[in-house]
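Geometric and topological summary
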Amino acid sequence: VSQQVLEQVLSELQPLCTSEQQFLQEFFCLGCDSVELEVRVSTVPSPGPFPSLAHPWEATAQLLSEIFSCLEPELRAFLDVCSKVQPLGCLQVLVTLSDSVLGTRDPSSAPPSSFLHTLLGNVLLLAKSNFNKCIGTLCKEMEEAKPASRTRGGILPCVSRFQELVALSEEVLQTSQRRGELDRAQLRLASSVFSSISSLSSANLKVNTDMVMMENFHHIHNFLCQRNIPCLEGKKREAKQRCREHMEKYITTYVGQPLESLK
């Protein structure tokens, strides 16, 4: 929902900013050479300093910045709200802004020489920063997560959370070609969940630690096999190897013991 609202906001800003920019360039002859521009502007009274006449684009940008002075702060605040609406909302914001700036989704989006394109480029930096902070927070949560004192096996909450985040991120990225930031984020999440599993202490579990690790690494391996995400191929192989290692440890520990102990 937040992605659709953001797309609507951007689609409505585009014609507004474009028409205002065209008006200023035509009215003040900002497409003319500097001599003709100076003659034209000298007939227009101004209570304050007028933008530099030697650079038409800088003059246009300065005028638009004054006219739309509240646009960037309001847009930044709106993006913060979108980021908080749902899990990984910041990724939706990042993808939508990237597509708008690059014109990959809408060919009629703001051209590179436009005021709106420059403004969205600045806001895109904020979106990238918000996304990186969000991923950092999620990674920390998974690394510091501790299983319940009565845990008797099964899939750990951090593993379920990892699957949820990966599935959601892949869904968000279905209509975009921008995978750079997402690939790095997924690798960070995978490293964090692997670290969380490896830090399990037998003191916090009611069952053998190797069995829990074997089960969870096996679960992650199956999940990554189903998803087929190129950037996580290495993690998929690592999960398989870690599962095998803990299975061998478990067998070595328990094979030969009484059936009651096995149970």
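Anything mentioned here points back to the structure above.
So, a few notes on the structure that sits alongside this text. Here the structure is a predicted model, which is why all the values come from computation and not from measurement.

**Some thoughts on the nonpolar core**
Formed by 61 residues in total, the largest nonpolar core has its most connected members in Leu-97, Phe-162 and Ile-220. Ranked by the residues each element gives to this core, the list is headed by helix α6 (residues 115-144), at 12 residues. Residue-level mapping places this core at the junction of two domains, with at least three residues from each of domain 1 (1-28 + 59-102 + 116-144) and domain 2 (149-256). Beyond its immediate stretch of four places on either side in the chain, Leu-97 contacts Leu-10, Leu-79, Leu-120, Val-123, Leu-124 and Ala-127.

**With respect to unusual backbone geometry**
Not every positive phi belongs to a glycine, and Asn-228 is a case in point at roughly 55°. Here Asn-228 is to be found in the loop between α9 (209-227) and α10 (233-254). On the basis of relative accessibility, which here comes to 53%, the residue Asn-228 falls in the exposed class.

**Overview of the packing of helix α7 (residues 157-172) against helix α8 (residues 180-198)**
For the pair α7 and α8, the least separation of the axes is 10 Å and the interaxial angle reads 170°. Considering their axes alone, α7 and α8 lie roughly antiparallel with respect to each other. Where α7 approaches α8, its residues Cys-158, Val-159, Phe-162, Leu-165, Val-166, Ser-169 and Glu-170 are matched on the opposing element by Leu-182, Gln-186, Leu-189, Ala-190, Val-193, Ser-196 and Ile-197.

**Describing the pattern of salt bridges**
Under the defined criterion, the tally for this structure stands at 8 salt bridges. Between Arg-161 and Glu-164 there is a salt bridge; the shortest N-O distance is 3.2 Å. Taken together, the positions of Arg-161 and Glu-164, both in helix α7 and 3 residues apart, correspond to about one turn of that helix. Linking Lys-235 and Glu-238 is a salt bridge whose minimum nitrogen-to-oxygen distance equals 3.5 Å. Of this pair, Lys-235 and Glu-238 both sit in helix α10, 3 residues apart, roughly one helical turn. The class for Lys-235 is buried, based on a relative accessible area of 15%. A residue is classified by how much of its surface remains accessible, and Glu-238, at 29% relative accessible area, is partly exposed. Sharing partners across several salt bridges, the network here consists of Glu-170, Arg-179 and Asp-183.

What counts, and where the lines are drawn
Residues numbered from 1 in each chain as written. Predicted model: local features only at pLDDT ≥ 70, side-chain atom pairs only at ≥ 80, totals over all residues. Heavy atoms only, no water. Core = buried A, V, L, I, M, F, W, Y, C linked by side-chain atoms within 4.5 Å. Buried < 20%, exposed > 50% of the residue type's maximum accessible area, 1.4 Å probe, protein only. Helix = DSSP H or I, 4+ residues; strand = E, 2+ residues; numbered from the N terminus. Domains from an automatic or database assignment. Contact = heavy atoms within 4.5 Å. Axes fitted to C-alpha atoms, helices over the stretch in contact; angles between N-to-C directions. Parallel < 35°, antiparallel > 145°, perpendicular 65-115°, else oblique. Salt bridge = Lys/Arg side-chain N within 4 Å of Asp/Glu carboxyl O.

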